[in-house]
Amino acid sequence: MQGETRNDAKFGFTPQAENWNGRLAMIGFVAALITEFVTGQGVLHFWGLL
């Protein structure tokens, strides 16, 4: 593992992929909360899906 950084973009089932998946999920969750707080309606209603 010498010469590699933990946050390098790699493909497949790797620990780095799990890190990025978790980070993007947290960003999406916070974005959904902010959308709901600002607009007063859920994300699906905001997008017109419900």
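Residues numbered from 1 in each chain as written. Predicted model: local features only at pLDDT ≥ 70, side-chain atom pairs only at ≥ 80, totals over all residues. Heavy atoms only, no water.

Engineer: Help me out: how do you make sense of the overall build of the chain in this one?
Structural biologist: When you go through the chain residue by residue, the secondary structure sums to two helices and zero strands. Burial status across the chain gives 2% buried among its 50 residues. By element, 67% of the accessible surface of the chain is carried by carbon and sulfur atoms, the whole surface being about 4600 Å². (Helix = DSSP H or I, 4+ residues; strand = E, 2+ residues; numbered from the N terminus. Buried < 20%, exposed > 50% of the residue type's maximum accessible area, 1.4 Å probe, protein only. Areas by Shrake-Rupley, 256 points an atom, 1.4 Å probe, with all protein chains shown as cover.)

Engineer: So what exactly am I meant to see when it comes to helix H1 (residues 15-39) here?
Structural biologist: Each α-helix turn comprises 3.6 residues. Residues three or four places apart therefore point the same way. With 25 residues, H1 ought to run about 36 Å at 1.5 Å a step, and its terminal C-alpha atoms sit 36 Å apart, in line with that. A positive phi of about 80° marks glycine 40, the residue just after H1. (Expected span 1.5 Å × (residues − 1).)

Engineer: I keep staring at the packing of aromatic side chains and nothing clicks. Help me out?
Structural biologist: Remark: the centre distance and the inter-plane angle together describe each pair of aromatic rings, the angle taken between the planes. In total, this model carries zero aromatic pairs according to the counting rule given. Its guanidinium or amino end placed over the ring of tryptophan 20, arginine 23 lies 5.0 Å from that ring's centre, counting from NZ or CZ. (Phe/Tyr/Trp six-rings, centres within 6.5 Å; stacked < 30°, edge-to-face > 60°. Lys NZ or Arg CZ within 6 Å of the ring centre and 35° of its normal.)

Engineer: Could you clarify how one ought to interpret a nonpolar patch on the surface in this entry?
Structural biologist: A cluster of nonpolar residues, Phe29, Val30, Leu33, Ile34, Phe37 and Val38, forms a patch on the protein surface that exposes about 680 Å² of accessible area. Secondary-structure assignment places valine 30 in helix H1. (Patch = residues over 30% accessible without salt bridge, like charges linked within 9 Å, V, L, I, M, F, W, Y side chains within 5 Å. Salt bridge = Lys/Arg side-chain N within 4 Å of Asp/Glu carboxyl O.)

Engineer: Where do I start with the environment of glutamine 16 in this structure?
Structural biologist: The residue glutamine 16 is located in helix H1 in this model. Residue glutamine 16 is classed as buried on the basis of its relative accessible area, which comes to 7%. Residues glutamine 16 and threonine 5 lie 11 residues apart in sequence; the distance between their C-alpha atoms is 9.5 Å.

Without other data, these values stay purely geometric and don't point to any function.
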